[in-house]
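Chains, contacts and geometry: an overview
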Amino acid sequence: MTVDLLLGLQWGDEGKGKIVDVLTSNYDIIARFQGGPNAGHTLEFDGIKHVLRTIPSGIFHKDSVNIIGNGVVIDPVVFQKEIEGLEKFNLDIKKKLIISRKAHLILPTHRLLDAASEASKGKAKIGSTLKGIGPTYMDKTGRNGLRVGDIELEDFKDRYRALADKHEAMIAFYDVNIQYNLAELEKEFFEAIEELKKLDFIDSEEYMHQAQKAGKSILCEGAQGSLLDVDFGTYPFVTSSNTTAAGACTGLGIAPNKIKEVYGIFKAYVTRVGSGPFPTELFDEVGATMARVGNEFGSVTGRQRRCGWLDLVALKYAVQVNGVTQLMMMKGDVLSGFETLKVCTEYNYKGQNISHFPYNIEPENVTPVYKEFKGWKQDLTGLTTYDQLPIELKEYIEFIEKEIEVPIKIVSVGPDRKQTITK
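Rules of the game
Residues numbered from 1 in each chain as written. Predicted model: local features only at pLDDT ≥ 70, side-chain atom pairs only at ≥ 80, totals over all residues. Heavy atoms only, no water. Domains from an automatic or database assignment. Contact = heavy atoms within 4.5 Å. Buried area = accessible area lost by both parts, 1.4 Å probe. Salt bridge = Lys/Arg side-chain N within 4 Å of Asp/Glu carboxyl O. Polar contact = N/O pair within 3.5 Å; in protein donor to acceptor, adjacent residues only side chain to side chain. Helix = DSSP H or I, 4+ residues; strand = E, 2+ residues; numbered from the N terminus. Nonpolar A, V, L, I, M, F, W, Y, C, P; charged D, E, K, R; others polar. Expected span 1.5 Å × (residues − 1). Buried < 20%, exposed > 50% of the residue type's maximum accessible area, 1.4 Å probe, protein only.

Many structure descriptions define interface size as the accessible area lost when the parts assemble. Split by domain assignment, the protein chain resolves into domain 1 (2-101 + 201-263), domain 2 (104-196) and domain 3 (267-422). Domain 1 and domain 2 are separated by 23 Å when their C-alpha centres are compared. Every contact between the two is made by 25 residues of domain 1 and, on the other side, 25 residues of domain 2. Together domain 1 and domain 2 conceal approximately 2100 Å² of surface at their shared face, both sides included; 65% is due to carbon and sulfur atoms. Where domain 1 meets domain 2, there are three salt bridges. For aspartate 75, the salt bridge identified is with arginine 111, shortest N-O distance 3.0 Å. Joining domain 1 to domain 2, the criterion identifies nine residue pairs in polar contact (both at pLDDT 80 or more). Elements that contribute at least two residues to the side of domain 1 that touches domain 2 include exactly β6 (73-74), α2 (76-86) and β7 (97-100). Tallying contributions element by element places α2 first for the side of domain 1 that touches domain 2, with five residues. Taken together, the residues that form the side of domain 1 that touches domain 2 break down as eleven nonpolar, ten polar and four charged.

Tracing the chain through its elements places threonine 271 in strand β12 (residues 270-272). Counting along the chain gives 234 residues from threonine 271 to proline 37, while the straight-line C-alpha distance between them is 20 Å. Residues within four places of threonine 271 in sequence aside, it is in contact with Trp11, Gly12, Asp13, Phe278, Glu296, Arg305, Arg306 and Cys307. A polar contact is formed between the side chain of threonine 271 and the side chain of lysine 267, at a distance of 2.9 Å.

To continue, consider helix α4 (residues 108-121). Its 14 residues give α4 an end-to-end C-alpha distance of 21 Å, which sits within 8% of 20 Å, the value for a rise of 1.5 Å per residue. Restricting attention to buried positions, one finds in α4 the residues Pro108, Thr109, His110, Leu112, Leu113, Asp114, Ala116, Ser117 and Glu118. Against β8 (104-105), α5 (133-141), α6 (156-174) and α7 (182-196) lie the buried residues of α4.

Right, let's talk about the pattern of salt bridges for a bit. Under the counting rule described, the total for this entry stands at 23 salt bridges. For glutamate 186, the salt bridge identified is with arginine 161, shortest N-O distance 2.8 Å. Pair noted here: glutamate 186 is in helix α7 and arginine 161 is in helix α6, with a separation of 25 residues, a long-range link. Across the salt bridge formed by glutamate 194 and lysine 197, the nearest N and O atoms sit 3.2 Å from each other. With relative accessibility at 44%, the residue glutamate 194 sits in the partly exposed group. Here the residues in one salt-bridge network are Asp13, Lys267, Glu296, Arg305 and Lys331, joined through shared partners.

Laid out in structure tokens, this is it:
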């Protein structure tokens, strides 16, 4: 019996989908434990690029069962479209995908609330993806939400109506110009609900318990990244769930003492989408080159990602909070061609150098302190072994390992599942 976790250690977009896909053959069950359809887990193989939003990244492997856990929030409309997009691949979705009854539902009015709330903030907006995720988690913690299991109840539509009416009153309170046709949105929603009913709903905590007793191997898949965690991220510019290792326990019903390996994924540099502080952000041609070469645009939203040098202060913090046991470095190939690389090793925080992640990393308080490394010219995308990597990249990797005190076991040198070097 094995329960391992796979987490992003930065502000999301680290490449978790690819690594889950690479690792899936080692596991019986792939379980998503938090987040919503703003996630865009990109997998590339056989010349085809796939973007998954809610469905776990093990769906393409014939022997794996994929679970959407109770910590996830599901938009039935987005979910239906995601399933329709997979139909051409001849997957047995009914057999391979099961959903926790305790997962919360994103209603059309949640999306409208999201838009109204963000519009009311003006320049202080947090950069929401407007998928209704924040309002859904607010209803969850406010004990107002609707869950997947409620679909099975006779009075589901009455429950829906009561909550949607409450949402409309809240939208009116924001007093912003939001145009919508709720009847049309609801028609689409209830059609998607009927499609959702075709899948198996489970009491996921019991299912996971029995799977562990039966000796099944389980990989828990997170969405977003540790620096977006609602407790430990750069609040308030965060997501609405626990993206850290603790979220796997609450989002699936797995006991902490059952977890073995914690795989932490990070980019060889750093990106961030939306608003919020970003100490190592680059505003020059170097940052623009990173974005262009790395194709740094959101796979779901299309938004351009902000780019910057690797931040070891933030990375070390994420490793500590999550108890990471193995690191996986993504997009090493993107750094090929730079004459000089920089790594932030400390912050100058209010005039004093510190190596820990402070409460506030706004630019008026934090200035990054850098160590420089010699770059490399070699194209990495065709390499298959660690020995083939340029010496400069090996020095870069070894420095990170020494500073973080956790081994880097995988180096990704391209988007395809085959472009993955095991160290």
